[in-house]
Amino acid sequence: VAMSIILFAVELIKLISLYNKGRKAKDGAWTIIETGKKHSPFSIFNYAFVESKDQYTAEQWNIILTHEQLHSMAFHFVDLLIVQAARIVFWFHPLVYLYQRRIMLLHEYQADKVSAVQVKQYGQFLIEQAMLQRAPAVSHSFNYSPVKSRIVMLTRKSSALAKSKLLLVVPLTLICLLLF
């Protein structure tokens, strides 16, 4: 527990340090913090952390803000805090770590789906961002999840058969509960 708390505190201290040392500017509802350090873009609430806004084209900047805006509107930061608390309390349980990876991947899929108007350009941007250093664990970053699975998710078309399978979930769940 103590080690988990220390690791979480280190992540928070890194985040606070990036905020305090970064150059801040307003961009609509967003506060942009230019850190001057090499890392992929990430956000917490309406604070977007980037190395430098100038390194992105207008189109890339729009992709970043759209992506991070979805994380903000969906309160993904709260999910991450809850998972971090669970990791501290249940540090010994392997499912907590699996759940953390899965929930972060799900968050990225949700944000990618909204952000990716032009899938080819978005996929290329994801690959570029994958080469950068990861963001703190309590934030969402472009390069957290496996890039290949995110690109596959973007390009996959859902068939009518796949959608109809969802209709089986409720009856099967009820049957399982009754049999249990």
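See the structure printed just above.
Just so it is clear, the structure is predicted and the values come from calculations on it, not from any experiment. (Residues numbered from 1 in each chain as written. Predicted model: local features only at pLDDT ≥ 70, side-chain atom pairs only at ≥ 80, totals over all residues. Heavy atoms only, no water.)

When helices and strands are tallied, the protein chain shows eight helices and five strands. Overall, the protein chain shows an N-to-C arrangement of helices and strands of α-β-β-β-β-α-α-α-α-β-α-α-α. Taking all 180 residues of the protein chain together, 39% fall into the buried category. Within the protein chain, contacts between residues at least 6 apart in sequence are counted, and of these 60% link residues at least 24 apart. Total accessible area on the protein chain is roughly 11300 Å²; 68% of this is exposed by carbon and sulfur atoms. (Helix = DSSP H or I, 4+ residues; strand = E, 2+ residues; numbered from the N terminus. Buried < 20%, exposed > 50% of the residue type's maximum accessible area, 1.4 Å probe, protein only. Contact = heavy atoms within 4.5 Å. Areas by Shrake-Rupley, 256 points an atom, 1.4 Å probe, with all protein chains shown as cover.)

Now for the pairing of strand β4 (residues 47-50). Pairing of strand β2 (residues 30-34) with β4 involves four bridges; the strand directions are parallel. The residue of β4 that forms the bridge with E34 is V50. In terms of strand pairing, strand β3 (residues 42-44) meets β4 through three bridges, oriented antiparallel. Directly across from I44, in β4, lies its bridge partner Y47. Where β3 folds back on β4, the antiparallel hairpin that results is connected by two residues, among which F45 adopts a positive phi of roughly 50°. (Pairing = 2+ DSSP bridges.)

To continue, consider the side chain of H67. Structurally, H67 can be placed in helix α2 (residues 58-73). Separated by 3.1 Å, the side chains of H67 and H71 make a polar contact. (Polar contact = N/O pair within 3.5 Å; in protein donor to acceptor, adjacent residues only side chain to side chain.)

This part is about helix α1 (residues 2-21). The first and last C-alpha atoms of α1 sit 28 Å apart over 20 residues, in line with the 28 Å expected at 1.5 Å per residue. Every buried residue of α1 is accounted for by S4, F8, E11, L15 and L18. Relative to the axis of α1, the buried residues are bounded by an arc of 80° and lie together on one face. Those residues of α1 that are exposed and angled more than 90 degrees off the buried face are A2, M3, I13, I16, N20 and K21. Those residues of α1 that are buried lie in contact with β2, β3, β4 and α3 (76-89). (Expected span 1.5 Å × (residues − 1). Arc of directions from axis to C-beta.)

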